[in-house]
Amino acid sequence: MEDTLYIVVPCYNEQEVLPETARRLSEKLAELKNQGKIGAASRIMFVNDGSKDQTWSMIGELCAQDAVFAGVNLSRNRGHQNALLAGISTAVSHADMIVSMDADLQDDIHAVDAMIDAYHEGNDVVYGVRSSRQRDTFFKRSTAQAFYRLLKLLGAEIVYNHADYRLLSRRAAEALLSFDEVNLFLRGIVPMVGFRSTTVSYERGERFAGKSKYPLGKMLTFALEGITSLSIKPIRMITIGGLFVCLVSLVMLVKAFVDYSLGNVVPGWTSVIISIWVLGGLQLFAIGIIGEYIGKTYMETKARPKFIIESVLLSEEKDGES
Ligand code: UDP
Ligand code: MG
C-alpha cells in the first residue's frame, strides 16, 4: 500500500484564500493518488489558529463536503509555529509523511511532487528552499538576509531561504514532537532532529489573496525568538566584552596613577565622565541581554502547553471521497 500523505496548513484569518487553497490542494492530492505516489487515506489538514473571521466554519464546510479535508481548531491564536505543531501532532499518528505549507499559496504546491520523490528515495526531511527572493520587497529581502547571516554567525544551524514549507517522515515528525521547549523555532529545531535530508527548490509567488499575517512587529518578535531560542552566544559575547573592558580599565588605572603622581588630578574629568557613561551603557545592555535568557528560563520552567486543541474534524473513510 502507498504511503499516506498529510498536508498541514496553518490558517489565521484566511477566509479570502481558503476556497482556492482547498480546491488546488485537493486537485494536487487527487493527481498524486492517481500517479500512485500516495495512499488513498491521504488528507489535507487545515489548522485554524484562532481566526476571527469565517475560517473555521469554512473548514467545517469543506470537511463535510469531502473526506479528503480534515480540520483542527485551536482554542485561541497561538501563532504560526504552534499551529503548525498542533497540526503535525494530530497528523503524525495517521500519516507516513507530513508536508507543511502556508495557506496563502505563496509556496508553489507543485514542489510537493519532488518532495515526495525525495521521500521515496529515503529522505526523512525535505526542505523547500526558495530559488530566489526577487519578488520580495527590498526591505524584506535585506532584513531576511541579515537575519540568516546573524543566525549563522551565532552558530545556529539553519537552512538558507527555507521557511516552513517542508516534508517530514513520520519518524522525523515524532522526533520533532519530542522537543519539549515552549519557545519553539521550527526552522532551527528541524535540523537538530537529524535523519537524512535534502532540499527541493521552488519559486515563491505573491500571496493569492488577503493580507500578510506577519506584520513587521511580529516578524521582529519571530527573529528575536529564533535567535534567543537557538543560541547562547550573546552571553559569550558579553563575557568577552567584559574581559576587554577589564583590560582597558587596567590601562586607565595606570594612567590615573601616573596622572596622580604628576599632580594633574583635576584634569581628567573628561575621561572619568566618559568611563561612567560607557560602562553604564554596557552594563545596562548586558543586564538586558541576560534578562532575555532569564525570562526564557522562566517561561520554560512553566512548561505551558504549546496549544490546546478544542476539536478535531477527521474522517476515517478510506477512499478520501464521499
Ligand atoms: N499564520 C498562523 N497564525 C498566525 C499568523 C499566521 O497560523 O498567528 C499562518 C497564516 O495563515 C499563513 C502562514 O501562517 O498560512 C504564513 O503567514 P503569512 O502568509 O501571512 O506570512 P508571510 O508569508 O507574509 O510571511
Ligand atoms: Mg505568506
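Rules used throughout
- Residues numbered from 1 in each chain as written.
- Chains lettered and ligands numbered in written order.
- Predicted model: local features only at pLDDT ≥ 70, side-chain atom pairs only at ≥ 80, totals over all residues.
- Heavy atoms only, no water.
- Buried < 20%, exposed > 50% of the residue type's maximum accessible area, 1.4 Å probe, protein only.
- Helix = DSSP H or I, 4+ residues; strand = E, 2+ residues; numbered from the N terminus.
- Pairing = 2+ DSSP bridges.
- Axes fitted to C-alpha atoms, helices over the stretch in contact; angles between N-to-C directions.
- Parallel < 35°, antiparallel > 145°, perpendicular 65-115°, else oblique.
- Contact = heavy atoms within 4.5 Å.
- Nonpolar A, V, L, I, M, F, W, Y, C, P; charged D, E, K, R; others polar.
- Left-handed = near helix turned anticlockwise from the far one by under 90°.
- Donors = N, O, S within 2.8 Å, 3.2 Å for Na, K, Ca; no water.
- Patch = residues over 30% accessible without salt bridge, like charges linked within 9 Å, V, L, I, M, F, W, Y side chains within 5 Å.
- Areas by Shrake-Rupley, 256 points an atom, 1.4 Å probe, with all protein chains shown as cover.
- Salt bridge = Lys/Arg side-chain N within 4 Å of Asp/Glu carboxyl O.
- Near = heavy atom within 4 Å.
- Polar contact = N/O pair within 3.5 Å; in protein donor to acceptor, adjacent residues only side chain to side chain.
- Disulfide = S-S within 2.5 Å.
- Lys, Arg positive; Asp, Glu negative; His and termini not counted.
- Charge placed at Lys NZ, Arg CZ, Asp CG, Glu CD.
- Core = buried A, V, L, I, M, F, W, Y, C linked by side-chain atoms within 4.5 Å.

A.B. asks: Can you break down the pairing of strand β1 (residues 5–11) residue by residue, with the values?
C.D. replies: Among the seven residues in β1, seven count as buried, and that is most of the element. Along β1, one buried face is formed by L5, I7, V9 and C11 and the opposite face, lined by Y6, V8 and P10, is buried too. Here β1 pairs with strand β4 (residues 97–100) via four bridges, running parallel. Across the sheet, L5 pairs through a bridge with M97, a residue of β4. As judged from the six bridges shared by β1 and strand β2 (residues 43–48), these two strands associate in the parallel manner.

A.B. asks: I'd love a proper account of the packing of helix α5 (residues 138–153) against helix α8 (residues 216–230), names of residues and values included.
C.D. replies: Following both chains from N to C, one finds α5 and α8 inclined at 10°, their axes separated by 11 Å at the closest point. Classified by the angle between their axes, α5 and α8 sit roughly parallel to one another. Residues F139, K140, T143, F147, L150 and L151 of α5 lie in contact with α8, whose contacting residues are L216, M219, A223, G226, I227 and L230. In terms of residue class, the contact of α5 with α8 is built from nine nonpolar, two polar and one charged.

A.B. asks: So, the packing of helix α6 (residues 170–177) against helix α7 (residues 186–193): which residues are in play, and what are the values?
C.D. replies: Between α6 and α7, the least distance of the axes is 9 Å, while the angle of their chain directions is 120°. Both α6 and α7 take part in a crossing whose hand is right-handed. The residues of α7 that touch α6, namely those facing A172, A175 and L176, are L186, I189, V190 and V193. A per-class count over the contact of α6 with α7 returns seven nonpolar, no polar and no charged.

A.B. asks: A description of the coordination of the magnesium ion (ligand 2) should follow, citing residues and the corresponding values.
C.D. replies: Note on metal geometry: ideal angles are 109.5 degrees for four donors arranged tetrahedrally and 90 or 180 degrees for six donors arranged octahedrally. Within the protein, D104 (OD) and Q106 (OE1) serve as the donor atoms for the magnesium ion (ligand 2), at 1.9 Å. The same class applies to D104 as to Q106, namely buried.

A.B. asks: Can you break down a nonpolar patch on the surface residue by residue, with the values?
C.D. replies: A cluster of nonpolar side chains, namely F139, L216 and L220, defines an oily patch on the protein surface of about 310 Å² accessible area. When you line up the elements, L220 lands in helix α8.

A.B. asks: Which residues make up the site of ligand 1, and what are the values?
C.D. replies: Close to ligand 1 lie 19 residues; E14, D49, D104, S212 and K213 are nearest. Contact between ligand 1 and D49: a nitrogen atom at 2.6 Å from a side-chain N or O atom of the residue. Taken by itself ligand 1 offers 530 Å² of open surface, and the protein chains cover 94% of this.

A.B. asks: So what about the pattern of salt bridges? Which residues, and what values?
C.D. replies: Throughout the structure, instances matching the rule amount to ten salt bridges. A salt bridge links K28 to E31, with the shortest nitrogen-to-oxygen separation between them at 3.4 Å. Taken together, the residues span about one helical turn, with K28 and E31 both in helix α1 (residues 18–34) at a distance of three residues. Owing to a relative accessible area of 2%, K28 belongs among the buried residues under this scheme. For E31, a relative accessible area of 33% gives the class partly exposed. Residue R171 pairs with D124 through a salt bridge whose shortest N-O separation is 2.7 Å. Remark: D124 occurs in the loop between α4 (111–120) and β5 (125–130) and R171 occurs in helix α6; sequence separation between them is 47 residues. Take R171: its relative accessible area is 46%, and that puts it in the partly exposed class. With a relative accessible area of 7%, D124 lands in the buried category. Three or more residues are tied together by salt bridges with common partners; here these are E20, R23, R24 and E27.

A.B. asks: I'd like a description of the state of the cysteines, backed by residues and values.
C.D. replies: Taken as a whole and judged by the stated rule, the model has zero disulfides. No disulfide involves C11; its nearest neighbouring cysteine sulfur is the one of C63, lying 11 Å away. Owing to a relative accessible area of 15%, C63 belongs among the buried residues under this scheme.

A.B. asks: Lay out unusual backbone geometry in plain terms, naming residues and giving numbers.
C.D. replies: With phi around 50°, N13 is a residue other than glycine that occupies positive phi space. The class of N13 is buried, set by a relative accessible area of 19%.

A.B. asks: Pulling in residues and values, what's your account of the side chain of Q106?
C.D. replies: Within the secondary structure, Q106 sits in the loop between β4 and α4. Among the residues examined, Q106 registers a relative accessible area of 16% and is labelled buried. Ignoring anything within four residues of it in the chain, the contact list for Q106 reads E203, R204, G205, E206 and R207.

A.B. asks: Can you explain a positive patch on the surface? Please cite residues and give values.
C.D. replies: Side chains of K52, R76, R78 and K218 sit close together on the surface and give a patch of like positive charge. Position of K218 among the secondary structure elements: in helix α8. For K218, a relative accessible area of 36% gives the class partly exposed.

A.B. asks: Describe in detail the nonpolar core, supporting the description with residues and values.
C.D. replies: In this structure, L5, F46, V99 and M101 are the most contacted members of the largest nonpolar core, which totals 35 residues. Within the residue set of this core, elements represented by two or more residues are β1, α1, β2, α2 (55–65), β4, α4, β6 (162–169) and β7 (197–202). Top contributing element to this core by residue count: α4, with six residues. Non-local contacts of V99, meaning those with residues more than four positions away in its chain, are made with L5, Y6, I7, V8, V112, M115, Y165, R166 and L167. With 29 residues, the next largest nonpolar core counts V72, L85, L186 and V190 among its residues.

Everything listed here is a matter of coordinates, which is why it stays silent on function.
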